[in-house]
Amino acid sequence: AQKVTQAQTEISVVEKEDVTLDCVYETRDTTYYLFWYKQPPSGELVFLIRRNSFDEQNEISGRYSWNFQKSTSSFNFTITASQVVDSAVYFCALSEPPNAGGTSYGKLTFGQGTILTVHP
Amino acid sequence: KAGVTQTPRYLIKTRGQQVTLSCSPISGHRSVSWYQQTPGQGLQFLFEYFSETQRNKGNFPGRFSGRQFSNSRSEMNVSTLELGDSALYLCASSRDRTSRNTIYFGEGSWLTVV
């Protein structure tokens, strides 16, 4: 069975601090996809990044960066110089492996989420 | 372009009633999935539709059902509502079922059962 663990339930930082959100996953599959989503109070899940299991290259997008380490089954997310607008709940998710007929994502298994609060 | 649209955004129902939630995917997207989000259980997969056929189903009782129309719009129905069905129901869409495509979520429908 697939499992995603976000051990940090809540994180509180002051603006301009760097913050790292941890994500550890479990799967027996060799092909899978990992995602990060941001959920503001409105409820919508905002897509941040998708990473496939064959690509261990780290990625940087503005103030956001992701560190994927297959050896430790981790896909951590760092926000540099945090801002108040970064306050939200962040979810890490793992897809099912491709089905027999294709390369579908199938269902996503989500972690419990990390509540990030950035204080001015 | 318009995102995933869910209606209604908020609703209150009485225990025992039924409810239908609607989801319009992004134009051109043919795959629609539904998720339930509660404080206790987090985000859980309900089902996925593609080309009007259910392709995948989560571990929910038969009271939860869905369908997809030829224009890719989807509805989910919950019959005989229970207090525990109070949740945020999120719809997601992607262009197709290949792994090249991003999965986008709507703002959700907040259901309260009293």
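Presented here is a report on the structure given in the accompanying data block. Remember, it's a predicted structure, so these values are computed and weren't measured experimentally.

Reading guide: rules and limits
- Residues numbered from 1 in each chain as written.
- Chains lettered and ligands numbered in written order.
- Predicted model: local features only at pLDDT ≥ 70, side-chain atom pairs only at ≥ 80, totals over all residues.
- Heavy atoms only, no water.
- Helix = DSSP H or I, 4+ residues; strand = E, 2+ residues; numbered from the N terminus.
- Rg over C-alpha atoms; globule rule 2.2 N^0.38 Å.
- Buried < 20%, exposed > 50% of the residue type's maximum accessible area, 1.4 Å probe, protein only.
- Disulfide = S-S within 2.5 Å.
- Phe/Tyr/Trp six-rings, centres within 6.5 Å; stacked < 30°, edge-to-face > 60°.
- Pairing = 2+ DSSP bridges.
- Salt bridge = Lys/Arg side-chain N within 4 Å of Asp/Glu carboxyl O.
- Contact = heavy atoms within 4.5 Å.
- Polar contact = N/O pair within 3.5 Å; in protein donor to acceptor, adjacent residues only side chain to side chain.

### Here we look at the overall build of chain A
Line of reasoning, step 1. Each helix and strand in chain A was counted, giving 0 helices and 12 strands.
Line of reasoning, step 2. Written out in order from the N terminus, the α and β elements of chain A read β-β-β-β-β-β-β-β-β-β-β-β.
Line of reasoning, step 3. Over its C-alpha atoms chain A spans a radius of gyration of 14 Å, differing by no more than 12% from the 14 Å that the globule rule assigns to 120 residues.
Line of reasoning, step 4. The dimensions of chain A, computed from C-alpha atoms along their principal axes, are 50 × 30 × 25 Å.
Line of reasoning, step 5. Relative to its full complement of 120 residues, chain A shows a buried share of 44%.

### A closer look at unusual backbone geometry
Line of reasoning, step 1. Between Thr7 of chain B and Pro8 of chain B the backbone carries a cis peptide bond, its omega angle lying at -10°.
Line of reasoning, step 2. Backbone geometry at Ser73 of chain A places phi at a positive 50°, although glycine is not the residue there.
Line of reasoning, step 3. With respect to the element layout, Ser73 of chain A can be found in the loop between strand 8 (64–69) and strand 9 (74–79).
Line of reasoning, step 4. Residues other than glycine seldom take positive phi values, yet Thr80 of chain B does so here, at roughly 45°.
Line of reasoning, step 5. Among the structural elements, Thr80 of chain B can be located in the loop between strand 8 (74–78) and strand 9 (87–94).
Line of reasoning, step 6. Thr80 of chain B gets classed as partly exposed once you look at its relative accessible area, which sits at 48%.

### Quick notes on the state of the cysteines
Line of reasoning, step 1. Evaluation of the coordinates by the stated rule reveals 2 disulfides over all chains.
Line of reasoning, step 2. Here Cys23 of chain A connects covalently by a disulfide to Cys92 of chain A, the sulfurs 2.0 Å from one another. On the sign convention where negative means left-handed, the S-S torsion of about -65° between Cys23 of chain A and Cys92 of chain A marks this disulfide as left-handed. With Cys23 of chain A in the loop between strand 3 (19–21) and strand 4 (24–26) and Cys92 of chain A in strand 10 (residues 88–95), this residue pair connects regions lying 69 residues apart in the sequence.
Line of reasoning, step 3. A relative accessible area of 0% means that Cys92 of chain A is categorised as buried.
Line of reasoning, step 4. Here Cys23 of chain B is linked by a disulfide to Cys91 of chain B, with a sulfur-sulfur distance of 1.8 Å. Disulfide Cys23 of chain B to Cys91 of chain B: torsion about the S-S bond roughly -65°, handedness left-handed. Taken as a pair, Cys23 of chain B in strand 3 (residues 19–24) and Cys91 of chain B in strand 9 lie far apart in primary sequence, 68 residues in all.

### Considerations on the packing of aromatic side chains
Residue and element names in this part refer to chain A.
Line of reasoning, step 1. In the structure shown here, the tally under the stated rule is 20 aromatic pairs over all chains.
Line of reasoning, step 2. Taking 6.2 Å as the distance between ring centres and 50° as the angle between the ring planes, the aromatic pair formed by Tyr37 and Phe110 counts as tilted. In this pair, Tyr37 sits in strand 5 (residues 33–39) while Phe110 sits in strand 11 (residues 108–110), placing the two residues 73 residues apart along the sequence.
Line of reasoning, step 3. Note on Tyr37: relative accessible area 0%, which makes it buried.
Line of reasoning, step 4. For Phe110, a relative accessible area of 6% puts it in the buried group.

### Concerning the pairing of strand 4 (residues 31–38) of chain B
Residue and element names in this part refer to chain B.
Line of reasoning, step 1. Counted residue by residue, strand 4 has 8 buried out of 8 residues, so it is predominantly covered.
Line of reasoning, step 2. Residues of strand 4 alternate between two faces, with Ser31, Ser33, Tyr35 and Gln37 on one and Val32, Trp34, Gln36 and Thr38 on the opposite face, all of them buried.
Line of reasoning, step 3. In sequence, strand 4 turns back onto strand 5 (residues 42–50) through a hairpin of 3 residues.
Line of reasoning, step 4. Pairing analysis gives 7 bridges linking strand 4 to strand 9, with the strands arranged antiparallel. When the sheet's bridge partners are listed, Gln36 is paired in strand 9 with Tyr89.

### Looking at the pattern of salt bridges
Line of reasoning, step 1. If you walk through the whole model with that rule in mind, you get 7 salt bridges over all chains.
Line of reasoning, step 2. For Arg63 of chain A, the salt bridge identified is with Asp86 of chain A, shortest N-O distance 2.8 Å. With Arg63 of chain A in the loop between strand 7 (59–61) and strand 8 and Asp86 of chain A in the loop between strand 9 and strand 10, this residue pair connects regions lying 23 residues apart in the sequence.
Line of reasoning, step 3. Arg63 of chain A gets classed as partly exposed once you look at its relative accessible area, which sits at 24%.
Line of reasoning, step 4. Taking the shortest distance from any N to any O, the salt bridge between Glu75 of chain B and Arg73 of chain B comes out at 3.3 Å.
Line of reasoning, step 5. Connected via shared salt-bridge partners are Arg63, Glu82 and Asp85 of chain B.

### Considering the environment of Asn77 of chain B
All names here are of chain B.
Line of reasoning, step 1. Here Asn77 is to be found in strand 8.
Line of reasoning, step 2. Judged by its relative accessible area of 17%, Asn77 falls in the buried class.
Line of reasoning, step 3. Counting along the chain gives 11 residues from Asn77 to Gly66, while the straight-line C-alpha distance between them is 5.8 Å.
Line of reasoning, step 4. The contact partners of Asn77, leaving out residues within four places of it in the chain, are Gln18, Val19, Thr20, Arg63, Phe64 and Ser65.
Line of reasoning, step 5. Within the structure, Asn77 has its side chain in polar contact with the side chain of Thr20 (distance 3.0 Å).

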